[in-house]
Amino acid sequence: MDYQSLKASIEQAPFTSRIVLDRLLLFVSAGNRVLPEFTPYLDGATSYQDFFNALYADDAQKFTPAWAEWAALKHKSWLPRFAPQLAIENLRLKSDGVPVQFGTGLFLAPTGSRDSIASFYVFKQGAFNAQAAQFVTSLGGSFACVGYDFAGIYGIYYYCGAVVLEEWEADREPTPSERS
């Protein structure tokens, strides 16, 4: 496969995916050529799906925008491919989000799913490809979430039934809450 074949394959894709696929093509090409770092994924590819699946399978590419865009487009389960500081899976929810308690306030961090079971991950800054997740907001100060106390500034993201916190600036490491 070459650039023209990749572009033609994308042009045959369903219309609903075409905008994202055109953006993906921009991430991996310049002019009428696939960038040198992405040409190995053309070998053996017969369609854009083969090409982007090969790119996605390579952990060396997991911090690139193309990898993130493909993961999001295909709803890939990418969270296990990164090393979280804290991971709590299969949380049972009583609401439409993971409760974050700060002072007398409560924030429901969305999961991106209507399911009553969610996962919760905390990553150091830059330890996952934030472009693959949906950014919600940032939260600073002291707060409690899923049985842990946090102090600092965190970015809050969601992806396919998971809430992801990215530590931007921590006053201390997350600690188990003393409240029951």
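## Describing the pairing of strand E6 (residues 117–124)
Burial within E6 is extensive, with 6 of its 8 residues counted as buried. Note that strand E3 (residues 86–92) and E6 share 5 bridges and pair antiparallel. From the neighbouring strand, Arg 92 faces E6, where its bridge partner is Ile 117. Taken together, the 6 bridges between E6 and strand E9 (residues 162–176) define a ladder with parallel strand orientation. Opposite Val 122, over in E9, you have Leu 165 as the bridge partner.

## Quick notes on the environment of Trp 67
Position of Trp 67 among the secondary structure elements: in helix H4 (residues 65–73). Among the residues examined, Trp 67 registers a relative accessible area of 0% and is labelled buried. As a C-alpha pair, Trp 67 and Thr 111 span 44 residues in sequence and 21 Å in three-dimensional space.

## Looking at the pattern of salt bridges
Counted according to the given criterion, the structure contains 4 salt bridges. Between Arg 81 and Asp 59 there is a salt bridge, with its nearest N and O atoms 2.5 Å apart. Note that Arg 81 is positioned in the loop between H4 and E3 and Asp 59 in the loop between helix H3 (48–57) and H4, a separation of 22 residues in sequence. Across the salt bridge formed by Lys 124 and Glu 173, the nearest N and O atoms sit 3.0 Å from each other. Placement of Lys 124 in strand E6 and of Glu 173 in strand E9 is noted, with a sequence separation of 49 residues between them. Take Lys 124: its relative accessible area is 35%, and that puts it in the partly exposed class. Judged by its relative accessible area of 41%, Glu 173 falls in the partly exposed class. Through salt bridges with shared partners, one network takes in Lys 124, Glu 167 and Glu 173.

## Quick word on the sheet that holds E6
Spatially, the 7 strands line up as an open sheet ordered E3-E6-E9-E8-E7-E4-E5, and their pairing is mixed. Each edge of the sheet is formed by a strand with only one pairing partner; in this case those strands are E3 and strand E5 (105–109). If you compare each strand with its neighbour and ignore which way they point, the axes differ by 30° on average. Bridge count between strand E8 (residues 148–159) and E9: 11 bridges; the pairing is antiparallel. The residue bridging Ile 156 from the neighbouring strand is Leu 165, located in E9.

## Quick word on helix H1 (residues 3–11)
Looking only at H1, the buried set comprises Tyr 3, Leu 6, Ser 9 and Ile 10. For H1, the buried positions fall inside an angular range of 130° around the axis, keeping them on one side. You can read the cap of H1 off the contacts: a side-chain oxygen lies 3.3 Å from the backbone nitrogen of Gln 4, and it is on Asp 2.

Rules behind the numbers
Residues numbered from 1 in each chain as written. Predicted model: local features only at pLDDT ≥ 70, side-chain atom pairs only at ≥ 80, totals over all residues. Heavy atoms only, no water. Buried < 20%, exposed > 50% of the residue type's maximum accessible area, 1.4 Å probe, protein only. Helix = DSSP H or I, 4+ residues; strand = E, 2+ residues; numbered from the N terminus. Pairing = 2+ DSSP bridges. Salt bridge = Lys/Arg side-chain N within 4 Å of Asp/Glu carboxyl O. Axes fitted to C-alpha atoms, helices over the stretch in contact; angles between N-to-C directions. Arc of directions from axis to C-beta. Polar contact = N/O pair within 3.5 Å; in protein donor to acceptor, adjacent residues only side chain to side chain.

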